[in-house]
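# Notes for the structure review
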Amino acid sequence: MDGRNGFMALGSILALVAMATVATQTSFAQSEMRSVAAGVQRSFVPERLAPGMAPVFPEIQVDGFKLDQFPVTNRQFLEFVVGNPKWQRGQVPRLFAESVYLRHWATEARLGKEAPPDGPVVHVSWFAAKAYCAWRKKRLPTTVEWEYAADASQFLGTLTGDPGEIILEWYGRPTPDVQPNVGSTPATAIGVHDLHGLVWEWTQDFNSAMSGDDARDGSAGERGLFCGAAALGGADPGAYATFMRIAFRSSIKGGFALGNLGFRCAK
C-alpha cells in the first residue's frame, strides 16, 4: 500500500470512527418514546377516612400514552437553551427558577465536567421542564401516568430481587456530585429506563393534593391522611417508596432547581 492509499484508508477509518461517535452522542438526543398501554392505577392513599369506616382506595383509569425511554439529558437541554436564550441561566426570572438553576453547567451555554452530555439534566425547574417538553411538542407526564409507568410491578422479570426494596435502597443513597449517564439503571418490561435509581422526576401536576387535606387542626376528622399517617393507611403499607415520592412532591415548588431532580416527557 503506497502512502496516498494509506492516508485514504486511514481517512476512511477516522470517518467511520467519527460517524460512530456522532451516533453515540446523538443516541439519547433522539430518545425514543415507549408506548404505555391503558390500564388501571390504584390510588396509594384513600379518598377519605372517617371514623368507623374502612378506607376506600379508588381505581384510576389511565389512558394509553407514550413516555420518553430516558430522562432528558444535559445535551438535549443545552440544545433547548441555545435555541431559547430566555431559558438560559441568568436570563430566567426568579419566579420561574431559583438562583441554583443549571448551577452545575460551566457557563450559560457550555456543560463542563459536572454536567456530562448524556447525564440527566438536573438543577432545572418545573417551568423550564414544561417549556422544554412543549418545545419538543410533548408534555410532562401526569403524576398518575408516571406512577403507573413506574409501578414496581413493571419491573418484574427485569430485576433480581424485590423491586420495592431495591427502590427504597436507592432512596437511601446520597446524591452523587456528578450524575451517571441515562440508561444506567434497569428498564421496565417495556424498555423505559431510569424511573428509579437515577434522579427524581418532575410531573405535570406534581403539587396536586395526593395525600388529602391538611387535618392537623382536627376539624376535618381526617388525621389518617396527613403526613406519615397516610403511608400507614396506604393501599400497600410496604410500598413506602411510593409515599416518599408523594411527600417529596408535596414539599417542592415549581421554581425549585434541585441536584437530584430531572424530568422526561410524555405524549
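Report follows, based on the coordinates.

Calculation rules
Residues numbered from 1 in each chain as written. Predicted model: local features only at pLDDT ≥ 70, side-chain atom pairs only at ≥ 80, totals over all residues. Heavy atoms only, no water. Helix = DSSP H or I, 4+ residues; strand = E, 2+ residues; numbered from the N terminus. Buried < 20%, exposed > 50% of the residue type's maximum accessible area, 1.4 Å probe, protein only. Contact = heavy atoms within 4.5 Å. Areas by Shrake-Rupley, 256 points an atom, 1.4 Å probe, with all protein chains shown as cover. Core = buried A, V, L, I, M, F, W, Y, C linked by side-chain atoms within 4.5 Å. Salt bridge = Lys/Arg side-chain N within 4 Å of Asp/Glu carboxyl O. 1 Å grid on protein atoms, 1.4 Å probe; cavity = no way out; pocket = protein on both sides within 12 Å on 5 of 7 lines; lining within 4 Å. Points joined across faces, edges and corners; volume = space filled by probe spheres on them. Axes fitted to C-alpha atoms, helices over the stretch in contact; angles between N-to-C directions. Parallel < 35°, antiparallel > 145°, perpendicular 65-115°, else oblique. Nonpolar A, V, L, I, M, F, W, Y, C, P; charged D, E, K, R; others polar. Phe/Tyr/Trp six-rings, centres within 6.5 Å; stacked < 30°, edge-to-face > 60°. Disulfide = S-S within 2.5 Å. Left-handed = near helix turned anticlockwise from the far one by under 90°.

## As for the overall build of the chain
If you tally the helices and strands in the chain, you get 7 helices and 6 strands. In the chain, the succession of α and β elements from N to C terminus is α-β-β-β-β-α-α-α-α-β-α-α-β. The proportion of buried residues among the 267 residues of the chain is 41%. Nonlocal contacts in the chain, meaning residues at least 24 apart in sequence, comprise 74% of its contacts between residues at least 6 apart. When the accessible surface of the chain is summed, it comes to about 13800 Å², and 57% of that surface belongs to carbon and sulfur atoms.

## Re the nonpolar core
The biggest cluster of nonpolar side chains holds 35 residues, and the ones touching the most others in it are Phe 77, Val 81, Tyr 101, Trp 105 and Phe 263. Those elements giving two or more residues to this core turn out to be helix H2 (74-83), helix H3 (126-135), helix H5 (163-171) and helix H7 (240-250). In this structure, Trp 105 is in contact with Asn 74, Phe 77, Leu 78, Val 81, Arg 89, Arg 110, Leu 111, Ala 115 and Val 121, ignoring residues within four places of it in sequence.

## So, H3
Spacing of three or four residues puts side chains on the same side of an α-helix, whose turn is 3.6 residues. All of the buried residues in H3 are Trp 126, Ala 128, Ala 129, Ala 131, Tyr 132 and Cys 133. Of the surrounding secondary structure, the elements contacted by the buried residues of H3 are H2. Where H3 terminates, the next one or two residues include Lys 137, which has phi positive at roughly 60°.

## As for the pattern of salt bridges
This model, assessed by the stated rule, comprises 8 salt bridges. Among the salt bridges present, the one from Glu 79 reaches Arg 136, with a minimum N-O distance of 3.2 Å. On the criterion of sequence distance, the pair formed by Glu 79 in helix H2 and Arg 136 in the loop between H3 and helix H4 (143-150) is long-range, its members being 57 residues apart. When its relative accessible area of 41% is taken as the criterion, Glu 79 is described as partly exposed. We note a salt bridge from Arg 249 to Glu 147, for which the minimum N-O separation is 2.9 Å.

## So, empty space enclosed by the protein
Under the defined criterion, the tally for this structure stands at 1 cavity of 30 Å³ or more. Every residue lining the largest cavity is listed: Trp 146, Trp 170, Tyr 171, Leu 195, His 196, Val 199, Trp 200, Glu 201, Arg 245, Phe 248 and Arg 249. Listing elements by their share of the lining of the largest cavity, those giving two or more residues are H5, strand E5 (200-201) and H7. Broken down by element, the lining of the largest cavity gets its largest block of residues, 3 residues, from H7.

## A word on the packing of H2 against H3
Describing two packed helices takes the angle between their axes plus the distance from one axis to the other. As a packed pair, H2 and H3 sit with axes 11 Å apart at the nearest point and diverge in direction by 85°. As the angle between them shows, H2 and H3 are arranged roughly perpendicular. Note on element contacts: H3 touches H2 through Ala 128, Ala 131, Tyr 132 and Trp 135, opposite Gln 76, Phe 77, Glu 79 and Phe 80. Class assignment for the residues of the contact of H2 with H3 results in 6 nonpolar, 1 polar and 1 charged.

## Some points on the packing of aromatic side chains
Evaluation of the coordinates by the stated rule reveals 14 aromatic pairs. Between the aromatic rings of Phe 80 and Tyr 132, the centroid separation amounts to 5.5 Å while the plane-to-plane angle is 80°, which identifies the pairing as edge-to-face. Taken together, the positions of Phe 80 in helix H2 and Tyr 132 in helix H3 put the pair 52 residues apart, joining distant regions of the chain. Residue Phe 80 shares its accessibility class with Tyr 132, and that shared class is buried. A connected cluster of aromatic rings, assembled from ring pairs, spans Phe 77, Phe 80, Trp 105, Tyr 132, Trp 135 and Phe 263.

## Considering the state of the cysteines
Every disulfide links exactly two cysteines, by a covalent bond between their sulfur atoms. Taken as a whole, this structure holds 1 disulfide when the rule is applied. The disulfide that involves Cys 133 links it to Cys 265, with 2.4 Å between the sulfurs. On the sign convention where negative is left-handed, the bridge of Cys 133 and Cys 265, at about -90° about the S-S bond, is left-handed. Of the two residues, Cys 133 is situated in helix H3 and Cys 265 in the segment after strand E6 (261-262); the sequence distance between them amounts to 132 residues.

## Observations regarding the packing of H4 against H7
The interhelical angle for the contact between H4 and H7, taken along N-to-C directions, is 155°, at an axis separation of 12 Å. When the axes of H4 and H7 are compared, the pair comes out roughly antiparallel. Like other packed secondary-structure pairs, H4 and H7 cross with a definite hand, here right-handed. Seen from H4, the contacting residues are Thr 143, Trp 146 and Glu 147; seen from H7, they are Thr 242, Arg 245 and Arg 249. Each residue belonging to the contact of H4 with H7 can be placed in one class, and the counts come to 1 nonpolar, 2 polar and 3 charged.

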